[in-house]
Structures are given as structure tokens and as C-alpha cells.
Amino acid sequence: MQELAPSAHQAPIARPLRAAAPSSPLRGTVTVPGDKSISHRALMFGALAVGTTDITGLLEGEDVLRTAAAMRALGATVDNLGQGHWRVAGRGIGGLVEPADVLDMGNSGTAARLLCGLLAGHPIFAVMTGDASLRKRPMKRVTDPLSATGARFTTRAGGRLPLAVEGAADPLSLDYVVPVPSAQVKSACLLAGLCARGVTRVVEAEATRDHTENMLRHFGAVVDVQVEGHGRVIELLGQPELFAAPVVVPGDPSSAAFPAIAALLVPGSEVTIQGVGMNPLRAGIFLTLQEMGADITETNRRIEGGEPVADLVIRASALRGVDVPALRAPSMIDEYPVLSVAAAIASGTTRMRGLKELRVKESDRLAATAAMLVANGARVEVDGDDLIVHGAGGPIEGGGLVETHMDHRIAMSALVMGLASKRGVTADDAAFIETSFPGFASLINGLAGAEPIAAP
Ligand SMILES: O=C(O)C1=C[C@@H](OP(=O)(O)O)[C@@H](O)[C@H](O)C1
Ligand SMILES: C=C(OP(=O)(O)O)C(=O)O
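Residues numbered from 1 in each chain as written. Chains lettered and ligands numbered in written order. Predicted model: local features only at pLDDT ≥ 70, side-chain atom pairs only at ≥ 80, totals over all residues. Heavy atoms only, no water.

Trainee: Where do I start with the domain arrangement of the protein chain in this structure?
Mentor: Domain boundaries assigned for the protein chain yield domain 1 (7–35 + 250–454) and domain 2 (36–247). Computed from C-alpha coordinates alone, the two centres of domain 1 and domain 2 are separated by 28 Å. Across the contact, 29 residues belong to domain 1 and 34 residues belong to domain 2. Both sides together, the interface formed by domain 1 and domain 2 hides about 2600 Å², and carbon and sulfur atoms give 50% of it. (Domains from an automatic or database assignment. Contact = heavy atoms within 4.5 Å. Buried area = accessible area lost by both parts, 1.4 Å probe.)

Here it is as C-alpha cells:
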């Protein structure tokens, strides 16, 4: 497995990248790396199952490699058999062992929060940390509900990492109404529920990505999901036997959004992205782009590994501003930075509503996105939790230096914007792109048949 440096000791050397303009048209057929959410979960469920789980298409980005390392530290055998092909020999529910050292979750909120759920249900002591970005992010949203299992969490002030957990020997099941739309919080409660006796009930007012529920079923757990209004009531029967099951990871729709929007914005482009996950609780970005007038055709829709998948054909399009309702936010929560780039080049105004959760991502993405656009000549307002972008109706000026704040999605958004600007855009640090989309720059450069993205 790739050697991961401890986050706290990562060399503070920024790796700036610049996207030069104008880019030649993007043309060709590509695949994007595996879905990050599904990849984390596949490794965790593999570690909890009895038997050997084969995973294909796993995202080999730093975030997921942190989860792989944590599963090893907790006693699972995790082997990399080839590109994207991993094998996990699990320990069974309740079988994780006490880690000998601190668990370092790097830049990954998903890894840290889901792991809190796993640890809560095991009678072991563990300490968890992360990089400077993750150590700023709120953990109380999981430690509060998980404490009701009997697990004891101690965190740094403000509920931040590092944290220590003493898991419960006989965890109680939870009945919890998730107060924020968060698949991470929901999943942490369900993972703890695997170790508890009786039924764990989790209620969400707004439906969020359901990969945990789908994978629980895939591994043999009994899960009941009822639709209630815009939300869901999920009930999991505790202490099931999870049986190893092969996982085929689809292409990540959140990653696909970057080459897709680049193709829409660079004149003359036509790109096919094969095998993109189209789970309806993830696909809000494509619906929104189509509402903006994007020429995106879905072909070859199929089910792969229990998830809907399609090939997307994307042609450069003149986009117009739209109103994106708050209710759609959970289905495209990670795509707002790059959607705002499309909005800045569209004609008319785009209002993106209800983006409070963007403030607690790898960076404050509401502030970082607005600053990215302003630095490159776009007109933007933040009104409460809404982001309003007044489109230029053509390429924006560019020429700016974007502060990426250890946030991969800000870095990739800045580079996409550069391709479609008049003067190009520089991202101050592109190193964090490795967390979710290894090979991003070479994929875009391959489509361009040139090197618009390069070190400045
Ligand atoms: O469960 C997951 O895999 C994720 C849930 C979302 O976070 P929240 O649960 O904080 O909304 C999302 O932003 C993140 O990239 C991945
Ligand atoms: C928010 C993200 O991830 P995480 O919460 O896992 O750090 C993301 O990938 O955009």
C-alpha cells in the first residue's frame, strides 16, 4: 500500500498549478476514478464482514487510502491486488482490535466520521487525528449521538480532532433524528447500530446519499427504509452477520462534474465520460446543468454493483442562470464550487440556495468559492446561506490566484475556470486534488491534446 506521511508532518510545500487560456477544445472518451463515498464504505464493510471482500474500481486517492490504513490498524487484512482491485479479509462485527497507534484520517471527513461510528460499538480505545483542515471540522455532530450508545468520546475544544474514544462493550441502539442533512452522521449512527442489540432508527428530514443503506443490504443486514416527506426513516436490525460480498465501485459523479463542466464551457468540446454513478441522491448536478441548457446525453444506463451507472456525452453549450432549490443541495453538495464556475460564465443570474453545510467542508466553501470567483473578475454575492452568481454571458477575465485552503474541490474548480477564462487561473496548491481525483490534470490535458494545466 502507498506510504502515507503523517498529516501533521506533511511537508508544507504547496504545489501550485495553472490552467492556461484559451484551452483547445476538449475531445475524447474517459473514465473518472471510483466513487469516494462508496470506496470508503466498501473497505469498512469488508473489514466488518466475515470472509473476503473483493473490491474493483476502488478510488486510490489519499482519503480512501487513509481508510484502508485504518482498517489494517483495526485488524483487517487489506491487500492491493492491482489497479483499483483490493481484497479485504474481515474480522466480523465486534471483531475489530485495538489499534496500536493514533489513527490518522488525513483530509477526510467521511473517513473520520464513519470511523467514529465503527469505533463506538467496539470495546477498544482509539485516538484519531487528521490534517490541519480536518482538525478544524466539527465532530460533535457524530460524537453527540454516538455517546448515547455508551461510548465515551473526548475531543479537543469545540469538538475538534484529535479525539479519543472508548467504545462500548455492550452498545445501546440509537433512535436519532439527524439535525443536519448529513450522510456522514447518518452512516456513523448506522455503523454503530451494527454492534448494538435491537433496532437502530435514524431519521433524516432531507434524504442524503444512501450508499451505506445499500451496502448494508448488499452485505446481508436487514434494513428498512421508509420515505417520509423529503426525508427517510431508516431502521437497522442490530448484530447481524455481515457476509463478504464483491463490490464494483462506479465512477464518482462528483469527480465527473469537473471534466463535464470543463467540456460545457470550452467552445468546441465533446467529451464522453463512461461509467458514471447516477444514484439519484448524487446526480443533482447533472439535472441542474441540464436546466441551465447543458447538452448532456445519458447513454447505456445500467446497474453495476447495485448502483445505477451511465455514460455521459457532454457537448459545449451556452448556459443560462437558474435558481437551484435548497432541497436539491444534498444531492449535489460537493458540486457547488464547480457549478458556480459554470454560473459565472452563463448568461443571467444563478441563485444557489441553502448552502449552510458548505461552511464545514475541507474549507469554508461558501467563502472560498466566492473569493475564487471574485479574484477572477466574476460578480458574486453571499446572502445568508445562498450563493448568487451574476454570469458574464461568456468567458470571465481570469488572471487571478486562487487560495485553495487545503480543499481539493476548490483547486479543481479554479483550474476548470482557468480553461474557460480569458487570462488563465492559478491555484495556489493543487496537492489536495490527490485526495479524490488522482490524475485530474493529466485527464484534462489528455482531452485537450495539449497541456493547458501545468506548473506555473
Ligand atoms: O457520506 C459521504 O460519503 C459524504 C457525505 C457528504 O458529507 P456530509 O455528510 O457532511 O454532508 C459529502 O460532502 C462528502 O463528500 C461525502
Ligand atoms: C466534503 C468532502 O469530503 P469529506 O467530508 O469526506 O472530507 C468532499 O469530498 O467534497
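Trainee: Sorry if this is basic, but what is going on with the nonpolar core here?
Mentor: Most often, soluble globular proteins keep nonpolar side chains buried together rather than apart. In this structure, I273, F286, L289, Y336, L339, M352 and F440 are the most contacted members of the largest nonpolar core, which totals 78 residues. Element by element, the count of residues in this core is highest for helix α7 (residues 253–265), at nine residues. With sequence-adjacent residues up to four places away left out, F286 is seen in contact with P253, A256, V276, M278, I296 and L312. In terms of nonpolar packing, the next biggest core, distinct from the first, is built from 65 residues, A42, L163, L174 and L216 among them. (Core = buried A, V, L, I, M, F, W, Y, C linked by side-chain atoms within 4.5 Å. Buried < 20%, exposed > 50% of the residue type's maximum accessible area, 1.4 Å probe, protein only. Helix = DSSP H or I, 4+ residues; strand = E, 2+ residues; numbered from the N terminus.)

Trainee: Would you explain unusual backbone geometry in this entry?
Mentor: As a rule of thumb, non-glycine residues mostly have phi less than zero, and peptide bonds are mostly trans rather than cis. Residue P22 follows A21 across a cis peptide bond; omega there is -5 degrees. Of note, P22 is situated in the loop between β1 (17–19) and β2 (27–31). A cis amide bond, omega 0 degrees, links L161 with the succeeding residue P162. For P162, the location among the structural elements is in strand β9 (residues 160–166). Backbone geometry at Q239 places phi at a positive 50 degrees, although glycine is not the residue there.

Trainee: When you look at the site of ligand 2 in this model, what are you seeing that I'm missing?
Mentor: The environment of ligand 2 is formed by 13 residues, the closest being K36, G109, T110, R137 and R409. Between ligand 2 and E362, the relevant distance is 2.9 Å, taken from an oxygen atom to a side-chain nitrogen or oxygen of the residue. H408 is positioned with one of its side-chain polar atoms (N or O) 3.2 Å from an oxygen atom of ligand 2. Broken down by secondary-structure element, the contributors of at least two residues to the shell around ligand 2 are α3 (109–120) and α11 (408–419). Per-class residue counts for the shell around ligand 2 are no nonpolar, six polar and seven charged. When residues of the shell around ligand 2 are sorted by domain, at least three fall in each of domain 1 (7–35 + 250–454) and domain 2 (36–247). (Near = heavy atom within 4 Å. Polar contact = N/O pair within 3.5 Å; in protein donor to acceptor, adjacent residues only side chain to side chain. Nonpolar A, V, L, I, M, F, W, Y, C, P; charged D, E, K, R; others polar.)

Trainee: Can you walk me through α11 in this structure?
Mentor: Helical periodicity: at 3.6 residues per turn, an α-helix aligns residues three or four positions apart in one direction. Counted at 1.5 Å a residue, the expected span for α11 with its 12 residues is 16 Å, and the 17 Å between its end C-alpha atoms agrees. Extensive coverage of α11 is indicated by the burial of 12 of its 12 residues. Restricting attention to buried positions, one finds in α11 the residues H408, R409, I410, A411, M412, S413, A414, L415, V416, M417, G418 and L419. Two or three places before R409, at the start of α11, stands the capping residue D407, its side-chain oxygen 2.9 Å from that residue's backbone nitrogen. (Expected span 1.5 Å × (residues − 1).)

Trainee: Would you explain the site of ligand 1 in this entry?
Mentor: Of all residues adjacent to ligand 1, which total 13 residues, the nearest are S37, R41, S182, D334 and K361. Within the backbone of Q184, a nitrogen or oxygen atom sits 2.8 Å from an oxygen atom of ligand 1. It is helix α1 (residues 36–48) that provides the largest number of residues to the shell around ligand 1, a total of three residues. A breakdown of the residues in the shell around ligand 1 according to their chemical character gives three nonpolar, four polar and six charged. Domain assignment of the residues forming the shell around ligand 1 places at least three in each of domain 1 (7–35 + 250–454) and domain 2 (36–247).

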